[in-house]
Structures are given as C-alpha cells and as structure tokens.
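This is what each chain is made of:
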Amino acid sequence: MNHVTEFLGTADLSSSTSEEAKYSNQHNSDLALNSRLQLVFDNVPIGLFHLDKDNSIDFENDAVSSILGTRLSSYNSLLHVVRHTRIHSADKYHIFENLRPFIKSNRSLNIRFRITSPRSLSFKWIRLRTIPEFDNKLSYQGASGIVEDITEHITPGPSQLIQRLQHIIDKIDYSILICDAQGKIRALNLKFTELSGYKKSELLGQSLDSLDPAENKGTLRNYLRNYFEPMLKKPKHEEQLLARNHALVPVEISITSTTIDSTLTVFSFQDLRHRKLSELKVLQSQKLDTMSKLAAGAVHDFNNALAIIQGNVEMLGDHISEEKYDLIELTQIAINKCAMLARGLLGFTRQPADDNPDIINLSNTIKNTGYLIVSTLHKNIEFKIDYGSTAGYVRVDSEKLSNVLMNLILNARDAMPKGGLLRLAVEQVELDADTKQLNKGKYLCISIFDTGTGMSKAVAERACDPFFSTKPTGKGTGLGLTTALTFANESNGTLHINSIENTGTTVSLWLPEYKSKSTQSAGNYREAFNDIQNGSGTILLVDNNNEIRSSTKYSLQLADYNVIEAANSPDALKFIYHYDSIDLLLMDVSLPLDTIALEIAQIARIRFKGIKLIFSSAHARNQLDKALFNSEAEFLQKPFSRRALTSLVHKKLHLN
C-alpha cells in the first residue's frame, strides 16, 4: 500500500513537473518569437500598428514614429493623434469626417493627408489604412493598421513640375513667385520681374531674404514658414519688397491652397504702390482742405483789418492839408497791395467756384498773381511782368484763373533748377477768321515764358494728358496742364504749348476779351474823393465790427445818405419793424450767419417794398450761401474804398 502510495505520489509529482517545464518552454519560445517578430516589424519600412476593441493603440513599430514624427501610443486614440500632431490644417476636416464612421460602425479606414515639417516649408503625403477584426460572433475585437509615406508616388519631380508651372505663371497677370522648402527661389513670372525690377537670372536660386529690406531680414521667409503652422490663421499680409536699386515696393502677400508638393510652394504678390499713392493723395487732400479753411479764416480777419485801416485813412484824408496827400496815397497803395495778396490767397483756398463768372481786369489779376509768386522764386530766376498796353477784361471764374496762372508759373519755375528768365505777359490779339480751336474775334493771350529744360516734341504732345508728368516721381500729379486746358475750354478759349528741348517753353492761355462798361481806371487818392457820388435815402447798415461800421457810416453820411447802424441781427430786426421807410440794406455776412442774413433780407423785403440789398464780407463771394444772391443782391468785397462803396450804393438806389 505504501509502495502504491509512494508510486502514485511519485507519478503525480513527475507529471506536474513535466507540465511546468512544457509551459515554461512554450512561454520562452513565445517570447523569443515575439522578440523576433518585433525586430522584423521594427525594420519594416511601412508603419504597422494595432488597435484594441476600444480603439486604443496597443502596438506599433518604429516606422510609425519615423513617418508621422510621433508615437501613436503617446495618445489615447486616433482622434487625439489628429488633434495634436502636425497634420496639415487643410486636411484635418477630411480626416475627422472619415474617422466618425470608423469609430461608430467599425468600418475600415483608408485616408490620405499631409504632415508638415517643423523645420522647413515642406510636407509629406501619408496614407493610413485599417482592417477591422471580428470574432466568431461578429463582435469587434480591434483593428490592424498600416502607415505609408506616399510622397514620391503622388507628386512629380521638382524639375518637371517647375517646367510645367513656368509655362502657366508666365500667362498670369499678377506677380507669382515659387520657392522650395529651404526658401530658395525656383521660378518667377514676368510680372514679378516688373514688380521687383530684377531679371529672372538675378533671382533664381537666391534666398527669399534677398527681397527683404535690411531692417526686416528674414521677415518674408518667416511669414512663408508660418503658413504651415496648422493652427495659425493666414490673413493677407502687407510687406515691403527690396526691389532693384534698393527701392522699397509695398506688396500684399497672399498664400492660399496653392501649395503643390513637398518641395515647391506658390505665392502671389499684389503691388500696393498705386493704392498707397492714392491713400497719400487723400491724406494730402485732407491736409490741404484743412489748411484752406485756416487760410480762408485768416484772410477774412486780414481783410477786416484792412477795411478798418482803409476807412481810417480815408477819414484822415478829410482833415489833412493838400501837401500831405502824398502820404495818404502811399498808404492807399500799400492797402491795395495787401488786398491783392488777400484776394490771391482766397483763390487758393480750394473753395467751390462761383456759378456766375466774374468780369475781371486781366492786368489786375496778373499783377495780383505776380505779388504772390515773387516770394516763391529762386534768387537766380529773373521775373518780369508785361501787362500790355490795353486794360483788357475777361469773363471767367477768377479763382480758377488764379489757380491756373499759379500752376503754370510754378511749372516754369521748376523747369529752371539752375535759374533763368521767367516772363509773364498779356497781349491783345484779334483773329480775322475761325480756327480749329477758336472763333473769330478779340482775345487776350496770357503767355508764361521760361528758359528752362524744355520738352521734346513727343513729350509736349502728351503734356496735357491726365496724370502725365515730366517731373520726378512724387514731385507732380500730372494734372496741372490738364486743369489749365480744361479751364481754357470751359472759358471758350484754348491752351497752346511751344517748347524746345534744352531751350525753354512758352505756354499761352487764350481767353475771349469781354467788353466791360466799367473800364475807368482806379485813379489816385484826390480823384477818388472828387469822384464820390452823392445821393439820398435811408440805409440800414449791419456790421458787428465797430471800427468798420463807423468808417462805413462816415463815408455814407459824407455822400448825404441817412444811415441807421445795427451791430447785430436782433438790432437789425428791431429797426426794420420800427422804421416806416428803409431804402437799402447794407449787411455784413459771414459763413456761420448766411441763414440769418437771408432771413433778415426776406423780412426787410416783405416790410419795405422795393428795398435794395447789398451784402459785404471779408470772405470771397463763392464761399457764401448762393441763396443770398438769388434776389438781385449785390456783393461788396472787403476791404472796399469810399468810392467803391458810394458808387455801388448810388447804382442800386438811383440807376436801377
């Protein structure tokens, strides 16, 4: 019994030892096999991975991290892989759309996408495929997958691609540049050579840094590299290109989904020079508009001061001896010169022109422009004015004429950087027959002559074309002569240009002569006093300036008029309702008070049938409300002389 027991016990022990040995050998064999398989998998150039039933990564070989740049096992699922790896931002939506049915229905997965490089502008194409695994009961157990680098199979060679692209981009009407992953320029079109000023041979093979200004080196290259940041927004970017001869060209860089392959990227550039120039012109226009308003206000105050001086000088003239008249005349000449300067400045305040052309003495306008221009001329330029033998009149917009003359004289000045002769002349010319540009009749020809650089025949023929300028970039708008020609045509005249290269230029402005009835000369101080026309009637004088109001009242009373003076609008209305008869309303108006002046004038016309209206201002007439002059009202520009005042009052009360 003991032997049996001993035998049986021995037999059992022997059997147990044998099973353990067999299991150990099998386990060691499996480990060795797994080790050999892992070694094989890690040396396969294709990435292999496995997902468990929860779609978590439980196996991958080394090729996966080599291809994707990261280990899948570092993430909980494929969704996390897509969110956090350097997959091209343009491909992520496509991947998510394919992952949804894979996760929900355990379908197979077969997608292509791009992985961007963290150190260059390149990327590579990847294919990812999975095969689901099911047990006998069709229960999902996981999936096996592969990852492949298919870049070489999906794109042609760089040289072949460049040849194809070059043929295409040369036909495109905007600037195109193609660079490789290292930022080297591989191709560019003709438009880009026009933009940069370089030849193709000078840029091919060069770095993008060569197009960056010295202070911004690397800016352009860094911007292009940032395009491949998956989560970075890519708005249009303004930059400056370093063009030939160190010129800086403002451009707008636009990078869209035009990326071609792993080594070449296409970029477009929009030239912003015209837009920047337009913005600069708008800014300059706004500055000029502001300056013109300031100038208009300054001239208004200046004219008021001149009006006070004028009135006081004339009052003093009544109380001095005959031998002292020379001092009064010299003062009067100085006042007239200052008034001319003020009127000239008003012509350049960029205010809208008057609808009714003025009848002006051309010699006076040229004299006025001459006073303005002398201070702007270089010392080495000799300036002469020839007024002609006849005091001719023209019917034109006086402000426009002043602007045109100023522009033509400045053009002549700029054409003589080394000095020379500049002559401004007026000549009366009569045409016996019609020409192609002018009708038969009498004309006043204004000539601006210079001994400057002159123009060739081809340039002179285009000189009046809009935006055509012979001056360097930034020195002229190309609109001066165009504006002059337009003004001449609007005034029923014409513009002639006669120029010889390296000799000089003569610009002639022809305007029809107007036969004005008021052709009397200004006369001297003694004649002005003797020429005062007396009259009769009651005048309501409204002016908020005490000094001007006093001198104006004195001048009118000297001419035997009854004067009621009011310092403001309420006082004026009080007198209108208080008096039984008022023959003429003489009222100062300024820009803020146009509406009030018009209302007072309307009330006065209702109260007194046939009342006459004269408005005065230190502003130009074209700056005032046009409604003021719809009722045959006259305008008296400050400063005015006693004779001008009494003549106009006499005309309104006794000649109309």
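Thresholds, definitions, all that
Residues numbered from 1 in each chain as written. Predicted model: local features only at pLDDT ≥ 70, side-chain atom pairs only at ≥ 80, totals over all residues. Heavy atoms only, no water. Buried < 20%, exposed > 50% of the residue type's maximum accessible area, 1.4 Å probe, protein only. Helix = DSSP H or I, 4+ residues; strand = E, 2+ residues; numbered from the N terminus. Pairing = 2+ DSSP bridges. Expected span 1.5 Å × (residues − 1). Polar contact = N/O pair within 3.5 Å; in protein donor to acceptor, adjacent residues only side chain to side chain. Core = buried A, V, L, I, M, F, W, Y, C linked by side-chain atoms within 4.5 Å. Contact = heavy atoms within 4.5 Å. Phe/Tyr/Trp six-rings, centres within 6.5 Å; stacked < 30°, edge-to-face > 60°. Lys NZ or Arg CZ within 6 Å of the ring centre and 35° of its normal. Axes fitted to C-alpha atoms, helices over the stretch in contact; angles between N-to-C directions.

Caption draft 1: Just the pairing of strand β1 (residues 47–51), in detail. Across the five residues that make up β1, a large majority, four, are buried. Bridge analysis of β1 against strand β5 (residues 140–149) gives five bridges, and the strand direction is antiparallel. Each bridged residue has a counterpart across the sheet, and for Gly 47 the counterpart in β5 is Val 147. With three bridges joining them, β1 and strand β2 (residues 57–60) adopt antiparallel strand pairing.

Caption draft 2: Spatial organisation of helix α17 (residues 546–558). Between the first and last C-alpha of α17 there are 18 Å, a value that for 13 residues agrees with the 18 Å anticipated at 1.5 Å per step. One side-chain oxygen at the N-terminal end of α17 lies 3.1 Å from the backbone nitrogen of Glu 547; it belongs to Asn 545. Just downstream of α17 lies Asp 560, where phi reads positive at about 70°.

Caption draft 3: Spotlight on the nonpolar core. Of all hydrophobic cores here, the largest spans 35 residues; its most connected members are Leu 362, Leu 401, Leu 422, Ile 446, Ile 448, Leu 509 and Leu 511. At the level of secondary structure, the elements contributing two or more residues to this core comprise α12 (362–374), β12 (381–386), β13 (393–396), α13 (398–414), β14 (420–431), β15 (441–450), α15 (480–490) and β17 (504–512). It is α13 that contributes the most residues to this core, seven residues altogether. Once residues within four sequence positions are removed from consideration, Leu 509 is found in contact with Leu 401, Val 404, Leu 444, Cys 445, Ile 446, Ala 484, Phe 487, Ala 488, Thr 494 and Leu 495. Ranked by size, the runner-up nonpolar core spans 24 residues in total, among them Val 64, Leu 109, Leu 128 and Ala 143.

Caption draft 4: Quick peek at the environment of Leu 648. Among the secondary structure elements, Leu 648 is positioned in helix α20 (residues 642–655). On the basis of relative accessible area, Leu 648 is assigned to the buried category, the value being 12%. Here the alpha-carbon distance between Leu 648 and Ile 614, two residues 34 residues apart in the chain, equals 8.6 Å. The residues contacting Leu 648, other than those within four sequence positions of it, are Ile 614, Glu 634, Phe 635 and Leu 636.

Caption draft 5: Region of the structure containing the packing of aromatic side chains. In total, this model carries four aromatic pairs according to the counting rule given. Both rings, one in Phe 575 and one in Tyr 579, keep their centres 6.1 Å apart while their planes meet at 65°; by these two values the pair is edge-to-face. The class for Phe 575 is partly exposed, based on a relative accessible area of 22%. Residue classification places Tyr 579 among the partly exposed positions, given a relative accessible area of 30%. One Lys or Arg, Arg 112, reaches over the ring of Trp 125 and ends 6.0 Å from the middle of that ring.

Caption draft 6: Broad picture of unusual backbone geometry. Along the chain, Lys 638 connects to Pro 639 via a cis peptide bond; the corresponding omega equals -5°. Here Pro 639 is to be found in the loop between β22 (634–637) and α20. Of note in this structure, Asn 492 is not a glycine but carries a positive phi near 65°. Summarising the element assignment, Asn 492 is placed in the loop between α15 and β16 (494–500). The residue Asp 560 is not glycine, and still its phi comes out positive at about 70°. Checked against the element boundaries, Asp 560 lands in the loop between α17 and β19 (562–566). Looking at Asp 560, the relative accessible area reads 49%, which means it is partly exposed.

Caption draft 7: Region of interest: the sheet that holds strand β21 (residues 612–617). One open sheet accounts for five strands, arranged β19-β18-β20-β21-β22; its pairing is parallel. Strand pairing shows two members of the sheet lacking a second neighbour, β19 and β22, which therefore form its edges. In this sheet, neighbouring strand axes are inclined to one another by 20° on average, regardless of whether the strands run parallel or antiparallel. Lying on the sheet, α17 is in contact with β18 (538–542), β19 and β20 (584–588); it crosses β19 at an angle near 170°. Here helix α18 (residues 569–578) sits on the sheet and contacts β18, β19 and β20; the angle it forms with β19, its principal contact strand, is near 140°.

Caption draft 8: Seen up close, α20. For α20, spanning 14 residues, the distance from its first C-alpha to its last is 18 Å, which sits close to the expected 20 Å at 1.5 Å a residue. Within α20, burial applies to Arg 642, Arg 643, Leu 645, Thr 646, Leu 648, Val 649, His 650 and Lys 652.

Caption draft 9: Spatial organisation of the side chain of Thr 505. Residue placement: Thr 505 occurs in strand β17. Separated by 2.8 Å, the side chains of Thr 505 and Ser 499 make a polar contact. Discounting chain neighbours no more than four positions away, the residues touching Thr 505 are Ile 448, Phe 449, Asp 450, Gly 454, Met 455, Ile 497, Asn 498 and Ser 499.

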